[in-house]
Amino acid sequence: MPIVAGIRLDRTETLQLAAMLTRAGSDHTSRLLLDAVTCGQDFVALTRDDREEMLAVLGHPPNELVPLRTALFTELNWLRGLSGGTPPRHRSPYVRLESG
């Protein structure tokens, strides 16, 4: 039972998500999930693109995949810096020091 974005999915849920991704043309991300099931991996390492592809196919998820959609949405918002509600007005002063 692999863990995807911090959510443990059983075999059926993993295969269902992989099928959704394949139908949407996200073969790479689907292959990650299928490899995890086939090889018995505990964790599935996802790139930002993988997360976005999963979120795209989970627009109206089955009930058992709602926690995964919630986790992916929260994580991507955090990565985008939007979890606080409003994006920062200016870049970090440390970024200016490094780029100058």
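These figures come from a predicted structure and were not determined experimentally.

## Looking at the side chain of E13
Within the secondary structure layout, E13 lies in helix α1 (residues 11–23). The buried charged residue E13 lacks any salt bridge partner; its closest oppositely charged side chain belongs to R8, at an N-O distance of 9.3 Å. Leaving out residues up to four positions away in the same chain, E13 has contacts with R8, E64 and L65.

## Here we look at the sheet that holds strand β3 (residues 43–44)
With mixed pairing, the three strands of this open sheet are ordered in space as β2-β1-β3. Each edge of the open sheet carries a strand with a single partner, namely β2 (7–8) and β3. Bridge count between strand β1 (residues 3–4) and β3: two bridges; the pairing is parallel. Residue pairing across strands places I3 opposite F43, the latter belonging to β3.

## Considerations on the pattern of salt bridges
Counting across every chain of the model gives three salt bridges. Between R51 and E75 there is a salt bridge, and its shortest N-O distance comes to 2.1 Å. Linking R51 in helix α3 (residues 48–57) with E75 in helix α4 (residues 66–80), this pair joins segments that are 24 residues apart in sequence. Classification of E75 by relative accessible area gives partly exposed; the value is 25%.

So, how was this worked out
Residues numbered from 1 in each chain as written. Predicted model: local features only at pLDDT ≥ 70, side-chain atom pairs only at ≥ 80, totals over all residues. Heavy atoms only, no water. Helix = DSSP H or I, 4+ residues; strand = E, 2+ residues; numbered from the N terminus. Buried < 20%, exposed > 50% of the residue type's maximum accessible area, 1.4 Å probe, protein only. Lys, Arg positive; Asp, Glu negative; His and termini not counted. Salt bridge = Lys/Arg side-chain N within 4 Å of Asp/Glu carboxyl O. Contact = heavy atoms within 4.5 Å. Pairing = 2+ DSSP bridges.

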